[in-house]
Amino acid sequence: MGKWKKRICVVLCVIVTFSGSQVQYAAATESSELTNDSIKEKQSQISEAQKAKQALQSGVTDVKKILQSLESSKKNLASYVQQLDSSLDGIQKKLDDLNAMIDEKSKEITETKAQLVKAEAVEKEQYESMKKRIKFMYERGDAMYVEMILTSRSFGEFLNKNGYVQKLAEYDQRMLQNYKETKEAIDQYKKELEEEQEILGEAKTAAKQEEASMQVLISAKEQEIGVYEADISNKSNLVKEYEAEIAAQTAAISALEKAVAEEKKRLEEANQAVRKYDGGIFTFPAPSYKRVSDDYGYRIHPTLGVKQFHNGVDLAAPNGSPILAGYDGTVVAATYSSTMGNYVMLDHGDGLYTIYMHASALSVSKGQEVSKGQQIGSVGSTGRSTGPHLHFSVRLNGAYVSPWNYISR
Ligand SMILES: [Zn+2]
């Protein structure tokens, strides 16, 4: 009798529950599709993300290395800045990739959360549907379900009661299977969500590291440009200063020449003899010289690093070694200036003059007649000079000319 009752009840249950639970059943079916296909897809996405994560961790920019390699090739600012900029470009590209990855992960997490909500809803619906069926059975007085409910402390325990599960009808088992799959899908999504959040966190850390690297390079560049600009303004000031000094020298020398010319004109008008240059070759003015440290003409200035006109030859010679008059002449000046130091200027006649600078001592005075090869002073490093040398200039008709036209090595 009990056996029959149960069979009838199962038939009723199936009919009633199936017609009343089509929505739930459909939802359960969809959830098992999510469980199979979407999880497989997620898993391949996660393994892709893990590869990207490894690449991120191994690809963090080594700023120290970049700076070291730049340091060794830091010959001029333009190439330094160019190299820094290309490093910055590389980091910026990496940063863009990282940010794109972060965006993508955020999107995936949002999607996963939505799927989680959906799976939880399916779980709830299925649970409610099962409860309804149980209630229905209870109302029909089915002793088995009543006993199951009364003796189970939780729904989980209810499900795990093997003896009862075996007794459930085919439809009950299918519903139970759907419920289990939904539950698994939820667990899987939770796991994925956690993994994706972890990867996102690592991507953010890597992006921050790259940003910090970029900042280090940018500040290195700013500093370098700052140093260079200070150097430029420093140098351009030095160049201006140097040019002003040379202009002052030339003005002083021109004034002396003008004074000499006026004096000669006066003498000529008084029919008195004036000095004439007979075209003879000069004596070498610094016989102890070791080398020409700076030649006459346009050259890169040794300390200023810019192209400058050098109006004489610099003859490096030991301190105190003799300075000789290149040719017979009259001492036009034998004095000190802050740039020329102790210097002598000789008039050789016919607009030809010689100038001897940076002497440690002078052995002639203004107005004195000197002869070719006579010592007029001693080599030194006075005025604007960085080492003992004789700066020897020749002027003809108010302009500098090459001393090599008058002396030979
Ligand atoms: Zn010089």
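Residues numbered from 1 in each chain as written. Predicted model: local features only at pLDDT ≥ 70, side-chain atom pairs only at ≥ 80, totals over all residues.

### Things to note about the overall build of the chain
Okay, so step 1: Tallying secondary structure elements over the chain gives eight helices and 13 strands in all.
Okay, so step 2: Among the 409 residues that make up the chain, the fraction classed as buried is 27%.
Okay, so step 3: The long-range fraction of contacts in the chain, counting pairs at least 24 apart against all pairs at least 6 apart in sequence, stands at 72%. (Helix = DSSP H or I, 4+ residues; strand = E, 2+ residues; numbered from the N terminus. Buried ≥ 20, exposed ≤ 12 C-beta atoms within 10 Å, placed from the backbone. Contact = placed C-beta atoms within 7 Å.)

### Quick notes on the nonpolar core
Okay, so step 1: Core analysis: the largest hydrophobic core is formed by 36 residues, its most contacted members being Ile323, Tyr343, Val344, Met345, Tyr356 and Leu390.
Okay, so step 2: Contributing elements (two or more residues each) for this core: helix 8 (170-269), strand 4 (313-316), strand 5 (322-324), strand 6 (329-337), strand 7 (341-349), strand 8 (352-359) and strand 12 (389-396).
Okay, so step 3: For this core, the element with the most residues is strand 8, which contributes six residues.
Okay, so step 4: Not counting chain neighbours up to four residues away, the residues in contact with Val344 comprise Val331, Ala333, Ala334, Tyr356, Leu362, Val364, Ile376 and Gly377.
Okay, so step 5: Counting residues in each nonpolar core, the second largest holds six residues, with Met101, Ile199, Leu200 and Ala203 among its members. (Core = buried A, V, L, I, M, F, W, Y, C linked by C-beta atoms within 7 Å.)

### Things to note about the sheet that holds strand 9 (residues 361-362)
Okay, so step 1: In spatial order, the strands read 5-11-9; together these three strands make up an open sheet with antiparallel pairing. Every interior strand has two partners, whereas the edge strands, strand 5 and strand 9, have only one.
Okay, so step 2: Note: strand 5 against strand 11 (residues 375-378), three bridges, orientation antiparallel. Within strand 11, the residue paired with Pro322 across the bridge is Ser378. (Pairing = 2+ DSSP bridges.)

### So, the pairing of strand 11
Okay, so step 1: For strand 9 and strand 11, the ladder comprises two bridges, and the chain directions are antiparallel. Bridge pairing links Leu362 to Gly377 in strand 11.

### As for the environment of Val332
Okay, so step 1: Its location among the elements puts Val332 in strand 6.
Okay, so step 2: On the neighbour-count criterion, Val332 (20 C-beta atoms within 10 Å) is buried.
Okay, so step 3: Along the primary structure Val332 and Leu346 are separated by 14 residues, whereas in three dimensions their C-alpha atoms are 5.4 Å apart.
Okay, so step 4: Sequence-distant contacts of Val332, that is, excluding residues within four places in its chain, are made with Leu256, Val260, Met345, Leu346, Asp347 and Tyr353.

### Observations regarding the confidence of the model for the chain
Okay, so step 1: Confidence in the prediction for the chain averages 78 pLDDT; 76% of positions are at 70 or higher.
Okay, so step 2: Mean pLDDT values over the elements of the chain span from 35, in helix 1 (residues 2-20), up to 98, in strand 10 (residues 369-370).
Okay, so step 3: For residues 1-33, every residue scores under 50 in pLDDT, and the model assigns this stretch 31 contacts once sequence neighbours within four places are set aside. (pLDDT = per-residue confidence, 0-100.)

### Things to note about unusual backbone geometry
Okay, so step 1: Look at Asp350: it is not a glycine, yet its phi comes out positive at around 55°.
Okay, so step 2: If you trace the backbone, Asp350 turns up in the loop between strand 7 and strand 8.
Okay, so step 3: By C-beta crowding, Asp350 is classed as partly exposed, having 14 other C-beta atoms within 10 Å.
Okay, so step 4: In this structure, Asn397 takes a positive phi of about 50° despite not being glycine.
Okay, so step 5: Along the chain, the position of Asn397 falls in the loop between strand 12 and strand 13 (399-401).
Okay, so step 6: Among the residues examined, Asn397 registers 10 C-beta atoms within 10 Å and is labelled exposed.

### A few points about the environment of Ser213
Okay, so step 1: When you line up the elements, Ser213 lands in helix 8.
Okay, so step 2: Separated by 125 residues in the primary sequence, Ser213 and Leu88 place their C-alpha atoms 8.9 Å from one another.

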